[in-house]
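Observations on chain architecture
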Amino acid sequence: MKQPHILLVEDETHIAQGLIFNLELEGFLVTHAETGAAAYEAFGRQPYDLVILDLMLPDSHGIDICQQMRKTSPQLPILILTALGEEQDRVNGLKAGADDYLTKPFSLDEFLLRVSGMLRRSTWYQATLNRAEEYLFGSNRINLNNLQAITAGGNIRLTELEGRMLESFFANEGETLTRAELLKSVWGMSEDTETRTLDNFIVRLRKYFETNPAEPKYFLTVRGRGYRFVRDP
Ligand code: CA
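These numbers were taken from a predicted model, which means no experiment stands behind them. (Residues numbered from 1 in each chain as written. Predicted model: local features only at pLDDT ≥ 70, side-chain atom pairs only at ≥ 80, totals over all residues. Heavy atoms only, no water.)

Next up on the list: the side chain of Lys 104. Within the secondary structure, Lys 104 sits in strand S5 (residues 100-104). A relative accessible area of 12% places Lys 104 in the buried class. A polar contact is formed between the side chain of Lys 104 and the side chain of Glu 12, at a distance of 3.3 Å. (Helix = DSSP H or I, 4+ residues; strand = E, 2+ residues; numbered from the N terminus. Buried < 20%, exposed > 50% of the residue type's maximum accessible area, 1.4 Å probe, protein only. Polar contact = N/O pair within 3.5 Å; in protein donor to acceptor, adjacent residues only side chain to side chain.)

Pasting the structure below:
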């Protein structure tokens, strides 16, 4: 993968400097804009892999910028940064097409996790748009476009829901997905729904893809929280 290019729109210098420093440490290329005007200018100059957007800017509101960017770049991951208590802004930001938000003050770790998660998801979605992209781990080859899987135990035809669950895991490799997140992304359910179905699905995935389903290496249980997919145990 080429070095991801991030557009950071943030007018508070000390915050921006900290973020740039750490994003660059992670290997990202960062373009910084301090105003809405500068953001539009930078945005028109070249494509980006991710935009991080502060909402309160001296010359404009981040929500408007978000909407504008969405018009021309429907696939672009946009992360908005809001100040504590700007609940309505957060809602409006998501309505305007942002993919995710972080409330200031946030921890640097969480910020970097969000950024890399968003980039990974977007790369993965682009790959699926290009079709025929196969996902490999262990001795398994999985194609989520046609829901065919080749495993050590033979060929499997995955169900739509199994495909969706694998999609969530692959898009969040190495990260814990809570039960609530999985239920929501796979079944569209809220977290208070009966959740034994989820565990049954995990049992099935382990049976398909694990060498020893009783001692899983890829689809791990995170006690009290949910599950985690590891591609290279
Ligand atoms: Ca600001």
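Turning to the sheet that holds strand S4 (residues 78-83), a few remarks are in order. As summarised here, the arrangement of the five strands in space is S2-S1-S3-S4-S5, forming an open sheet in which the pairing is parallel. Two strands lie at the open edges of the sheet, namely strand S2 (29-33) and S5, each paired on one side alone. Ignoring which end each strand starts from, the neighbouring axes of this sheet average 20° apart. Across four bridges, the pairing between strand S1 (residues 5-9) and strand S3 (residues 50-54) is parallel. The residue bridging Ile 6 from the neighbouring strand is Leu 50, located in S3. (Pairing = 2+ DSSP bridges. Axes fitted to C-alpha atoms, helices over the stretch in contact; angles between N-to-C directions.)

Taken in spatial order, the three strands of this open sheet run S10-S12-S11, and their pairing is antiparallel. The two strands at the open ends of the sheet, each matched to only one other strand, are strand S10 (176-178) and strand S11 (219-222). Sheet twist, expressed as the average angle between the axes of neighbouring strands with direction ignored, equals 30°. The sheet contact formed by S11 and strand S12 (residues 226-229) spans four bridges and is antiparallel. Bridging across to S12, Val 222 finds its partner in Gly 226. Seen against the sheet, helix H8 (residues 196-209) touches S11 and S12 and runs at an angle of roughly 145° to S11. (Contact = heavy atoms within 4.5 Å.)

With that settled, consider the packing of helix H6 (residues 160-171) against helix H7 (residues 179-187). Helices that pack against each other are described as a pair by the angle of their axes relative to one another and the distance between those axes. Taken N-terminus to C-terminus, the directions of H6 and H7 make an angle of 130°; their axes are 9 Å apart at the nearest point. Relative to H7, the element H6 is oriented oblique. Once H6 is placed against H7, the crossing between them reads as right-handed. Where H6 approaches H7, its residues Leu 161, Arg 164, Met 165, Ser 168 and Phe 169 are matched on the opposing element by Leu 182, Ser 185, Val 186 and Trp 187. For the contact of H6 with H7, the residue count by class is six nonpolar, two polar and one charged. (Parallel < 35°, antiparallel > 145°, perpendicular 65-115°, else oblique. Left-handed = near helix turned anticlockwise from the far one by under 90°. Nonpolar A, V, L, I, M, F, W, Y, C, P; charged D, E, K, R; others polar.)

The next thing to look at is the side chain of Glu 210. Within the secondary structure, Glu 210 is located in the loop between H8 and S11. Despite its burial, Glu 210 pairs with no opposite charge; the closest candidate is Arg 206, at 5.0 Å N-O. A polar atom in the side chain of Glu 210 sits 2.8 Å from the backbone nitrogen of Lys 217. Polar contacts involving the side chain of Glu 210 include one to the main-chain amide nitrogen of Phe 219, which spans 2.8 Å. The contact partners of Glu 210, leaving out residues within four places of it in the chain, are Leu 205, Pro 216, Lys 217, Tyr 218 and Phe 219. (Lys, Arg positive; Asp, Glu negative; His and termini not counted. Salt bridge = Lys/Arg side-chain N within 4 Å of Asp/Glu carboxyl O.)

What follows concerns the coordination of the calcium ion. Four donors placed tetrahedrally about a metal ideally form angles of 109.5 degrees, and six donors placed octahedrally ideally form angles of 90 or 180 degrees. Distances from the calcium ion to its protein donors, namely Asp 11 (OD), Asp 54 (OD) and Met 56 (O), fall within the range 2.1 to 2.3 Å. Counting gaps between the donor residues of the calcium ion yields the pattern D-x42-D-x1-M. By relative accessible area, which is 3% here, Asp 54 ends up buried. Met 56 sits in the partly exposed class, given a relative accessible area of 45%. (Donors = N, O, S within 2.8 Å, 3.2 Å for Na, K, Ca; no water.)

Our next topic: the environment of Arg 114. You can see Arg 114 is positioned in helix H5 (residues 108-129). Classification of Arg 114 by relative accessible area gives partly exposed; the value is 22%. Separated by 35 residues in sequence, Arg 114 and Leu 79 have C-alpha atoms that sit 8.4 Å apart. The residues touching Arg 114, leaving out its near neighbours within four places in the chain, are Asp 100, Tyr 101 and Leu 102. At 2.7 Å, the side chain of Arg 114 forms a polar contact with the backbone oxygen of Tyr 101.

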